[in-house]
Every structure is written in structure tokens, then in C-alpha cells.
Amino acid sequence: MMISATANYKEELSIYSSSELLLRHRLKLIENLWESVLTSECGRELVDLLDKLKSACSPEGQTTEIREISVSKWIEQLELDDAIKAARAFALYFQLINIVEQHYEQRTQKLIRKTTTEDQVNAIQNLESGNNPTLETNNKVQSYFNPTVNPASGGTFHWLFPYLQKLNMPPQKIQQLLDQLDINLVFTAHPTEIVRHTIRKKQRRISFLLEKLDSAEESFRAMGLTNSWEAENYRERLMAEVRMWWRTDELHQFKPTVLDEVDYALHYFQEVLFDTLPELSTRLKQALHNTFPKLKPPTHKFCYFGSWVGGDRDGNPFVTPEVTWSTACYQRNLVIDKYIESMTQLNDILSLSLHWSNVLPELLDSLEIDRIRMPELYDKLYVRYRQEPYRLKLAYIEQKLKNTQKRNQALSNPETRKSIKLAQKEDNLYPSNLDLLEDLNLIKSNLENTGLKCQELDHLISQVEIYGFHLTPLDFRQDSSRHSDALNEIAEYLGVLEKPYNELSETEKTAWLIQELKTRRPLVPHDIPFSSATTETIETLRVLRELQTEFGLDICQTYIISMTNYVSDVLEVLLLAKEAGLYDPILGTTSIRIVPLFETVEDLKRSQAVMTELFELPLYRASLAGGYDNIPKSASNLVLPELHPKNLQEIMLGYSDSNKDSGFLSSNWEIHKAQKTLARVGDKYNLNIKIFHGRGGSVGRGGGPAYAAILAQPTSTIDGRIKITEQGEVLASKYSLPELALYNLETISTAVIQASLLGSGFDDIEPWNHIMEEIATSSRKAYRELIYEQPDFIDFFLSVTPIEEISKLQISSRPARRSSGKKDLSSLRAIPWVFSWTQSRFLLPAWYGVGTALQDFVNQEPVENLKLLRYFYLKWPFFKMVISKAEMTLSKVDLQMASHYVDELASNEDKERFQTVFNQIAKEYYLSRDIVLQINEQDRLLDNDPELQRSVQLRNGTIVPLGFLQVSLLKRLRQYASQDKAGLIHFRYSKDELLRGALLTINGIAAGMRNTG
């Protein structure tokens, strides 16, 4: 058995090497297809031009100064049409290699899963039972269960549970964690995903054809052949698909609406996740049973999705109550469609006849009730199904689903919705998913009582448990100022305060809010005579109540408050919720979960005090506990003897604004500290704290590998519960293919269990924390000296990055700035801020300040402090995560290309002052790069991750010419704009043509960099 486990480890390593060879083979195939299509569509001249442009970089993918001059001249001389074709060609190339890499990542995961057997578990059991294998074999088995040595296995359930057993983790502790496992991944309304829906479908088809080509080649090789007509056919189909893609427009033809964004997000559920997510539960159950057969797996819904798309109205005027209602109806329509499809499949399977199979009385009684309620359907189907009770029952279920869908369609129509009473539902439809589950479980129990099982039925039941009739919960989000402004207007209209609400002190606000929260007297009149902003704030909470009435509580309970500064920000929402009927002041119960979002560094530091003050309020504690009856009557003792299931406080921490405010290293440290202090506050009041991580796709906004990020969280802050945003730009890389989606979900789930049970303890070493505090403070100082204190920085940013052009890219319903007309940093959203620096190859938000801070610390004691930082890197997951993320981002920086943006896009009068800013950035880059390499003891960036290094270099090399093209087009576009202002329009190309070319380069670079904003 020991040999088997070792053999599996060897096999996994061989899988990686063979997959690498196959990946290179496929990349070559795709490149040949790409060149063939371009040659036939545009002529050999374009391909020669592309080859010439690709020569502008070194083998490591960096721009070289000598080649930069010649390539820049070639591009300046290009006709606009040729420049646009070149930009499109490179963008297509990136999309194609992304598909290939994702496809072979999925293929590798499939092969590795085939090598994972019970032998691994038996190997560990033998090791623990006293068998004496050789030292070499012992080491190999140990390495198998070490994810840093064997990343192929680390992060999967079949690795995790034997590893826990090896560490003698008490089974009861594992069971306790599994019982409370709560992993929520939230698709956000920040769609930096720039790829059209149309293109996404083409990508999926190409991936499908690659899979077919793999199978065909494996078949003919197994027969000793060198080729086959089948494989050739798939290559021809790939060629045709790429050709049609080339003739398809990559840019959105219109600015997407919120409902378009809903459609983009739900696409992943429709194509992949609806069928894939239930498989996660099966994987966990199988792995758990192999090692701990007596433990009970968690519910099917231990990992689930949420969505902000259609619910997040922070700064987006287009997310109205009507849009949110339409989103919920859209989601329910999709999920019912899926259930109806399943009825057809089950009808084919469950063909059992009364002649040959027994049926329990409960099923017959149920059929009689259905006959009475739906006599027309009975008359239609009785003859056909009189001896097939399961098919007859499925027909009734299908009709109820169709009736439920019909009601939903009527509710989605503003005209017919008015005539429907939400609280009243007819007998011949499903009021909730629980009623559907009752029917499905009735069929299941009948089958099991006659000795049968139906996997398809079990799969459907798990889908209904996970997705219900709502598909995914909708989170609401609004800026705190909208609530205070609304109450300011309401109080002024009613004359209930001596001075405007917004002029009250925090103490006065809190006192008035508590007073209003204790009375049932309405504050808001039924007919709302207020401004449109206040009216919408009130109507938003009213529609939230209507959604809960129609769809159940699962559709929406979370209300997030952006820019939470004080206790009053939370109580304001509770008061407005009371006015909408979502909070009962007498019972102290509420049907919503208010989630404060702490974003800036100052807010993160203040979060402990804010939450402590809230938890001291009996009315707020009652709202968490499920009413006053669930907390002690004495206000002086709010600690409960046991945790009530509803004693859960969700708190969101923002990576984006804290990064923009404080820089990468300081932001990560402040969030790390805030989690620890909030966990302690929760312990003090015997509350469960669930941290909601507002991560972006890019490193500058908290992005990066989720497995390592979760393991890097402070010990005891997860405890089986976590919530994480999934940005639009990362959805395709994570959820476009079933096996990739499953692997991503499995690594996240594994990390949550692992981090909850096996905290490192290094987060609690106070001397380490003091050192990190010093480093973070130094990093923040260096970052703010550039971003906020360098007088020329804003002008530099606006000139040498494509920020203004990005705001014209039709990728989001949300404005790029929180306040129209302003061009300051504070009004700019974090996404375009990061997006702009990525395009120009600075990637500044993800590393600036790291070098100065770390080097300053090393300089204090050069030998000892460098040795200490190396020890941190080896032992402290948080520190390693920070350094690894900075390293990955630094590897994508191309200062030579960034310098080209400065040289070409800065006006003559600005060149000298902008060069000073650039030199400051360049100095910090080299300092950061060198100190990172000293800490991880590598010669080059990413030497410790050859696969990622190869992927980054592959992309960097082709992004270089796109950068030159972008600069050239931006330069022409801005020259056009300056001539336009002067009234001198003498230009060869129109503004729209130039803008289109520039936007195409933005698309291409975003595809190549993969994490954009």
C-alpha cells in the first residue's frame, strides 16, 4: 500500500510534465491556426508585421530599449486600418492561449483525480499503525501530504482528510466544523469582464473542440497511427471557429444595462454551475467517507453563490427597485427552466410499472390529491400513465413548475404584476422550494423502500436544496450617505428635530435613532413627498420586503452599507427597515442582516469600536439573536450562555479603497489586524463573526490565488464561515469549464476547513506583529508620499495611463467615477484606478511602497533582519502571501514600456516634471524587486513557480507590441481632441475610428494580463 501512494505521487508529477508537453503542443497548434486565419483573411503582410512587432521584447517578455525605438517607428507609420487589425490579432491571440491554458488546466485536474484512490488513505493508516517503510518511501509519502511540496494534491478533499487523520485531529472537532460550514462566493456588480457574451460562446466551442481533438489523438495513438480523419476534422473545425471569431466584433455595440450584466453573470450558472456545484458535495462526501466513515457530511448547501448583480446600487443610478425585482424574476425563471428540463430526464428513467414494482401508499395518496387539484391533467395522462405512478407524479410536478413559472412571468411584467397579491398562491403551483422537495423526496423514499436508487433524482434534490426558486441570494448595497441624507430630508419635512439631522453629533444621532427604533409609530408617510434620491432609498427597502414575501427570505437578507464610519450608519438602515416593515420594534426581530463595510484604513482601525458600541445596544443584540426573548432581560449582561443560531454578525472588509488609500502592504495588514480584533469582539459578546472579504480580481484589490489567501487569514477568524466576492473579470478563468469550476470550489472549501482546524499560530506572536506594524506604517508613508503628496502625480496619472479612454469602454453600467465632473483621485472608483495602471504596465497599486518598507527594516540590522524576513516567508502564511502576490505583480511590470507611455503621451511642457515622478516609481520598483528576491532567495521573479513564470512571459512578450499600438492610437486620439478644442480639424481619421482602435488595444491588453481591475 505504501508503494501505491508513492506511485500515485510519481504519477501526478508525470501528469504535470506530460500535460506541460501537450500544452506546448497545443499552444503551437493554436498559433499556427491563428497565423493561417490571419494570412487568409488579411494577407501575409499582416502576419509578417505581427512577427516584426513581437520582436520588440526579450525572451523574458520585457521591452528592450534598442528594439523599442525601431518598433515605435514602425507603428507610427502604420495606417489606422493596419493598426486596428494588428490590435485585433494580438487580442485574439491572447484569448486563444487563455482557452488553451484553461482547457489543459482542467485536463490536468481530471487526470490527477483519476490517480486519487483509497490507497492514499491506506498508506497513511499503515504508516500510523507502526509499519516500518524505508526512509525514502516514508519521505515520499510525507511529501504527498504536504501541499507546499506537492501542490497537485494540496487543496483537495482527498488530500485534506488523510492529512487531518495523520495529525490526529479529533473526529468530533471535524464534525463540529462540518456542521457549521458556510462558504458564500458572491458575483459582484463590478463587471471588469470585458469579453462579449458572443465571444464567450465561441471560447466554449473552441474548448469543446480541443477536448474532442484530445480524444481523437489519444485513440489513433493507441492504435499505433500517426493521424486520423477524425482528428483532422476537429482541426478544420477549429480553423473555421477561429475564422468566424476574427469576423466578429469584439467590442460591445452598446453600453450594457444592469439586466445585461445580470445575463452575463447568470450565464455561468446556466452553462456550468447549476450542474457542477452539487458535485462538490459528492466529492466531499466521498473523501470524508474514505477516511472518517462515521462522520456526517455537511448539507448540500455548505458552499453556495450569492450575487450583487442587480442589487448593488452604490454609485450606480441604474440599479433601481424595478431592476432588482426584474433580476429576481429572471433568476427564478432560469432555475425553474432547469427543473423542468430535469423532469424530462427523470421521465425517461423512472418508467417503473405497477406490474413489476411496488408503490407505497403515501405516493398513491399524493397522486389522489394531485388528481383532485388538477383534474384536466389527470384526464389527459391517466390512460398513458395508469400503470406508471412515477411518471404520473413527475407530470404533476412538471405542471406545478410550469404554473409557478407562469406566475413568475406575470410578476416580471410591470402591468400584470399589479393584479397579483404576493401573499396569496394557488394550490396547483409551488409556493416554495420546500414544497417541491417534499414531492421529490416522496419519490426518493418510494424508490429506496423498493430497493432502488436514482442518482439523477438525488442530483436534482441537491440542486433544489442549493438553488431553491431564487437561484442565488441577492445582496443589496448602498452608500452610508444615502441613508443619512434620506433621514435628513424626512426629519426636516416632519419637523421632528431642532436642527438638520446631518448637523447632529454622532451621540445626538445615535440617541434619536434609538428613540425612533423603540416606537411603532411610522416616520415615513405612505405617499412619499421627497426627492428622487430619498424616494428611491425608501422604495428600495420596500421592494426588499416584497421580494421576501414573494420569494422567501433566501432571495435577499443582506444589506451592505458602504463607507460605514459610525454606529449611526447601521442604525439608520435599521430605522428605514422598520419603516418598510422589515424590523419589529416590539419583538426586536428583523428579516434583514445589516452588514457594515469598513473600507478605508481609518474605518478599518475604527471597526472594533463601532461594533463594540453596537453590540452594547440591547435592541441591536436582539435583532441578531432573533428577538428580545433570546437575550437576557438584564441589559448589563448581554453574554448568552450558548450561541443562538441567529447570533451571527456579518462584517465586510474592503480591499479596494483601503489599497487606494494606503497601498498594497498597509491595506493587507490593516485588514489582517481588523479580522483579529473583530473576532475578539465577537468572542466577548458570544457572537459568531462572519468576515465578508471584498476582494477584486487584481492583486491591488485583494485578488490572487484563493487557497493561499484563505490559509493566510488570522487563526480562529474563519471558524468554517467565509464570504468572498468573485469579480466579473475572474469568472471566466474560474467558472467557464466544469472541472475548473469544481477545482476552484474544492480548493476554497479545503482551505476554509484547513484554516479553521489548523491555524498556524504565528499571527499571535506579538514581536512579529510589532515588526509588521512598523513595516506597514513605513509602506503607507512611502505610498502616500507619491499618491497624495507628490504635486504632479494626478496630472501624471491622467496623462500617461488610458484612464479617460477606459471610462468610454462599454463594459459596465456603472460610471467610472462616484461623482460626475470631478477628476480627483477620491472620486475615482478602485476598478478603473487599477485597470489604468495595468494597461500601462506600471501595476503600481499592487506593489508600490513594499520595497521601501522592507528595505528600511533590513537596513536597521542587515544580516539579522533579512534572516528574520526569510523566516517569516517560510513560516508565516500571511507574510508569504503578501510577498508572493507582490512578486507575481512585479513580474508583470515592464518599466521600459511604462517609460514609453510617459515619453509619448506627456506634452512637451510636462515631460520634465513627469520624468521626476517616473524616476520615483522606477526607484521603488527596483527596490521592491530586489528585496523580494532576497527574501525568497531566488535569482529571478517567479523562479519558484516555473508554470506561472512561463505563462507570464508568454503573455508579456505579446503585450509589448499591443502597448506600442495603444500608445500610438492614444497619441493620435488626444491630438485629435486638442485640435478639436482649437477648432482645427485636419485629421485623416475620425474620432470614432481612433477611439475604436484604442479600445481594441485595451481589450487585448486586458485579455493578456488576465487580471485587470
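This is a predicted model, so every value here is computed, not measured.

Engineer: Help me understand the overall build of the protein chain in this model?
Structural biologist: The number of helices and strands found in the protein chain is 40 helices and 10 strands. The 1013 residues of the protein chain split such that 59% are buried. For the protein chain, the accessible area works out to roughly 40500 Å², and carbon and sulfur atoms hold 50% of it.

Engineer: Explain the pairing of strand S9 (residues 688-694) to me, please; I cannot follow it from the model alone.
Structural biologist: Within a regular strand, side chains alternate between the sheet's two faces. Counting buried residues in S9 gives 7 out of 7 residues, a clear majority hidden from the surface. For strand S8 (residues 648-654) and S9, the ladder comprises 7 bridges, and the chain directions are parallel. What sits directly across from glutamate 650, in S9, is lysine 690.

Engineer: Explain the packing of aromatic side chains to me, please; I cannot follow it from the model alone.
Structural biologist: Under the defined criterion, the tally for this structure stands at 45 aromatic pairs. Ring geometry for tyrosine 378 versus tyrosine 382: centroids 5.0 Å apart, planes at 35 degrees, classification tilted. With tyrosine 378 and tyrosine 382 both in helix H14 (residues 375-385), this residue pair falls 4 residues apart, about one helical turn. Given the relative accessible area of 38%, tyrosine 382 is considered partly exposed. Aromatic ring contacts, followed pair by pair, group Phe187, Phe269, Phe274, Phe305, Tyr339, Tyr430, Tyr467, Phe469 and Tyr735 into a single cluster. Its end group placed over the ring of tyrosine 304, lysine 301 keeps NZ or CZ at 5.7 Å from the ring centre. Above the face of the tyrosine 873 ring, lysine 880 is positioned so that its terminal group lies 5.3 Å from the ring centre.

Engineer: What is the right way to look at a negative patch on the surface in this model?
Structural biologist: Judged by side-chain charge, Asp275, Glu279, Asp337 and Glu341 come together as a negatively charged surface patch. Put simply, the parts of the chain that give the negative patch at least two residues each are helix H11 (258-291) and helix H12 (321-349). Within the element layout of this structure, glutamate 279 appears in helix H11.

Engineer: I keep staring at the nonpolar core and nothing clicks. Help me out?
Structural biologist: Soluble globular proteins tend to pack their nonpolar side chains together in the buried interior. Ranked by internal contacts, the top residues of the largest apolar core, which has 134 residues, are Phe796, Trp833, Phe842 and Phe879. When residues in this core are grouped by element, the largest group, 15 residues, is from helix H4 (residues 80-115). Non-local contacts of tryptophan 833, meaning those with residues more than four positions away in its chain, are made with Lys660, Tyr783, Ile787, Phe793, Phe797, Leu825, Leu828 and Pro845.

Engineer: What is the right way to read the sheet that holds strand S2 (residues 303-307) from this model?
Structural biologist: Pairing is parallel across the open sheet formed by 8 strands, whose spatial order is S2-S1-S10-S9-S8-S7-S4-S3. With partners counted over all chains shown, the strands left at the sheet margins are S2 and strand S3 (476-479), one partner each. Direction aside, the axes of adjacent strands within the sheet are offset by 25 degrees on average. In this structure, S9 lies alongside strand S10 (residues 721-726), joined through 2 bridges in parallel fashion. Opposite histidine 693, over in S10, you have isoleucine 724 as the bridge partner. Contacting S3 and strand S4 (558-562), helix H19 (residues 480-494) crosses the sheet at an angle of about 70 degrees to S3.

Engineer: Got a minute to help me understand helix H13 (residues 361-373) in this structure?
Structural biologist: Every α-helix winds through 3.6 residues per turn, so residues three or four apart in the chain are directed the same way. For H13, spanning 13 residues, the distance from its first C-alpha to its last is 19 Å, which sits close to the expected 18 Å at 1.5 Å a residue. Of all the residues in H13, the buried ones are Leu363, Ser366, Leu367 and Asp370. All buried residues of H13 fall inside an arc of 100 degrees around its axis, so they share one side. Facing away from the buried side of H13 by over 90 degrees, the exposed positions are Pro361 and Ile372. Looking at the buried side of H13, the elements it contacts are helix H15 (389-412) and helix H17 (433-449).

Engineer: What is the right way to read the side chain of serine 736 from this model?
Structural biologist: Within the element layout of this structure, serine 736 appears in the loop between helix H28 (728-735) and helix H29 (738-757). Judged by relative accessible area, which is 11%, serine 736 ranks as buried. Polar side-chain contacts of serine 736 include one of 3.2 Å to the side chain of glutamine 102. Ignoring anything within four residues of it in the chain, the contact list for serine 736 reads Gln102, Arg204, Tyr268, Val272 and Leu731.

Engineer: Would you take a moment to explain the pattern of salt bridges for this structure?
Structural biologist: Any two side chains of opposite charge can pair, on the condition that their charged atoms come close. For the coordinates displayed, the defined rule picks out 54 salt bridges. Bridged by salt links that share partners, the residues Arg26, Arg107, Asp214, Glu217, Glu218, Glu232 and Arg235 form one connected network.

Engineer: I tried to follow helix H22 (residues 567-579) on my own but got confused; where do I start?
Structural biologist: Spanning 13 residues, H22 covers 19 Å between terminal C-alpha atoms, matching the ideal 18 Å at 1.5 Å per step. Buried residues dominate H22, accounting for 13 of its 13 residues. Phi turns positive, to about 85 degrees, at glycine 581, one or two residues after H22.

Engineer: Where do I start with the side chain of glutamate 650 in this structure?
Structural biologist: With respect to the secondary-structure elements, glutamate 650 resides in strand S8. Residue contacts for glutamate 650: discarding those within four places in its chain leaves Thr558, Arg593, Ile594, Val595, Pro596, Lys690, Phe692 and Lys723.

Engineer: Could you clarify how one ought to interpret a nonpolar patch on the surface in this entry?
Structural biologist: A cluster of nonpolar side chains, Tyr493, Leu494 and Val496, forms an exposed patch at the surface whose accessible area comes to about 260 Å². On the basis of relative accessible area, tyrosine 493 is assigned to the partly exposed category, the value being 49%.

Engineer: Explain unusual backbone geometry here, please?
Structural biologist: Residues apart from glycine generally show negative phi values, whereas peptide bonds are mostly found in trans. With a phi close to 70 degrees, arginine 841 is a non-glycine residue in the positive phi region. Here arginine 841 shows up in the loop between helix H33 (830-839) and helix H34 (850-860). The backbone of leucine 843 sits at a positive phi, close to 50 degrees, despite the residue not being glycine.

Engineer: Would you explain the pairing of S2 in this entry?
Structural biologist: The element S2 is largely enclosed, with a buried count of 5 among its 5 residues. Here S2 shows no split at all, with Cys303, Phe305 and Ser307 on one side and Tyr304 and Gly306 on the other all buried. Direction of pairing for strand S1 (residues 182-187) relative to S2: parallel, over a ladder of 5 bridges. Considered in S2, the bridge of phenylalanine 187 is made with serine 307.

Engineer: What's the story with the packing of helix H37 (residues 895-905) against helix H38 (residues 911-936) in this structure? I'm lost.
Structural biologist: Think of two packed helices as two axes; the pair is described by the angle between the axes and how far apart they sit. One can describe the packing of H37 onto H38 by two numbers: an axis separation of 10 Å at closest approach and a directional angle of 170 degrees. Relative to H38, the element H37 is oriented roughly antiparallel. Across the interface between the two elements, Leu895, Ala898, Ser899, Val902, Asp903 and Glu904 from H37 touch Lys911, Phe914, Gln915, Phe918, Ala922, Tyr925 and Tyr926 from H38. By residue class, the composition of the contact of H37 with H38 is 8 nonpolar, 2 polar and 3 charged.

Engineer: Before we go on, may I ask you to explain the packing of H11 against H12 in this structure?
Structural biologist: It is at 11 Å that the axes of H11 and H12 come closest, and there the two elements cross at 20 degrees. When the interaxial angle is binned, H11 and H12 end up roughly parallel. Crossing handedness for the pair H11 and H12: right-handed. Where H11 approaches H12, its residues Val258, Leu259, Val262, Asp263, Leu266, Gln270 and Phe274 are matched on the opposing element by Val323, Ser326, Thr327, Tyr330, Gln331, Leu334, Val335, Lys338 and Tyr339. Class assignment of the residues belonging to the contact of H11 with H12 gives a composition of 10 nonpolar, 4 polar and 2 charged.

Engineer: Sorry if this is basic, but what is going on with the environment of threonine 889 here?
Structural biologist: Mapping threonine 889 onto the fold places it in helix H36 (residues 877-892). Measuring from C-alpha to C-alpha, the distance between threonine 889 and leucine 941 comes to 9.6 Å, with 52 residues separating the pair along the chain. Apart from residues no more than four positions distant in its own chain, threonine 889 is found in contact with Val699, Leu843, Ala846 and Trp847.

Engineer: Explanation requested: the environment of isoleucine 689 in the structure shown.
Structural biologist: As for its position among the elements, isoleucine 689 is in strand S9. Taking the relative accessible area as the measure of exposure, isoleucine 689 reaches 10% and is therefore buried. In the structure, isoleucine 689 is positioned 40 residues away from glutamine 649 in sequence and 5.1 Å away in space, judged by C-alpha atoms. The contacts of isoleucine 689, once residues within four sequence positions are left out, are Phe615, Gln649, Ile651, Leu678, Gly682 and Thr717.

Each value, and the rule that gives it
- Going along each chain's sequence as written, the residues are numbered from 1 onward.
- Given that the model is predicted, a residue must reach a pLDDT of at least 70 before its local features are reported, and side-chain atom pairs must reach 80 or more before they are shown or counted; all residues, however, enter totals for whole chains, interfaces and linings.
- Hydrogens and water are ignored here; the side-chain numbers use all heavy atoms of the structure.
- Starting at the N terminus, helices and strands are each numbered in turn, a helix being any DSSP run of H or I of at least four residues and a strand any DSSP run of E of at least two.
- Throughout, exposure labels follow a simple rule: accessible area from a 1.4 Å probe, protein chains only, divided by the maximum for the residue type, with under 20% read as buried, over 50% as exposed, and the rest as partly exposed.
- Only the protein chains shown count as cover for residues, and all accessible areas are computed by the Shrake-Rupley method using a 1.4 Å probe.
- We call two strands paired when DSSP finds no fewer than two bridges between them.
- Note on aromatic pairs: the rings of Phe, Tyr and Trp (six-membered ring only in Trp) are paired at centre separations within 6.5 Å, and the planes decide the class, stacked below 30 degrees, edge-to-face beyond 60, tilted for the rest.
- Definition used: whenever NZ (Lys) or CZ (Arg) falls within 6 Å of the ring centre and also within 35 degrees of the ring normal, the charge is taken to sit over that ring.
- Patches here: salt-bridge-free residues with over 30% relative accessible area, like charges joined within 9 Å, nonpolar side chains (Val, Leu, Ile, Met, Phe, Trp, Tyr) joined within 5 Å.
- Salt bridges are identified by distance alone: a Lys or Arg side-chain nitrogen within 4 Å of an Asp or Glu carboxyl oxygen.
- Charged residues are defined here as Lys and Arg on the positive side and Asp and Glu on the negative side; His and the ends of the chain fall outside this count.
- Lysine's charge is taken at NZ, arginine's at CZ, aspartate's at CG and glutamate's at CD.
- The set of buried Ala, Val, Leu, Ile, Met, Phe, Trp, Tyr and Cys residues whose side-chain atoms join them within 4.5 Å is what this entry labels a nonpolar core.
- Residues count as neighbours in contact if any of their non-hydrogen atoms are within 4.5 Å of one another.
- To obtain each axis, a line is fitted to C-alpha atoms, and for helices this fit is confined to the stretch in contact; angles are then taken between N-to-C directions over 0 to 180 degrees.
- The span you would expect from a helix comes to 1.5 Å times its residue count less one.
- Note that the arc is computed from the directions linking the helix axis to the C-beta atoms.
- Counted as a polar contact is a pair of N or O atoms within 3.5 Å, where, for protein atoms, one must be capable of donating a hydrogen and the other of accepting one, and residues adjacent in sequence contribute only when both atoms are in side chains.
- The labels follow the angle: roughly parallel below 35 degrees, roughly antiparallel above 145, roughly perpendicular from 65 to 115, and oblique for the rest.
- Here the nonpolar group is Ala, Val, Leu, Ile, Met, Phe, Trp, Tyr, Cys and Pro; Asp, Glu, Lys and Arg are the charged ones; every other residue, Gly included, is treated as polar.
- Two helices crossing with the near one rotated counterclockwise from the far one by less than a right angle form a left-handed crossing, whereas a clockwise rotation gives a right-handed crossing.

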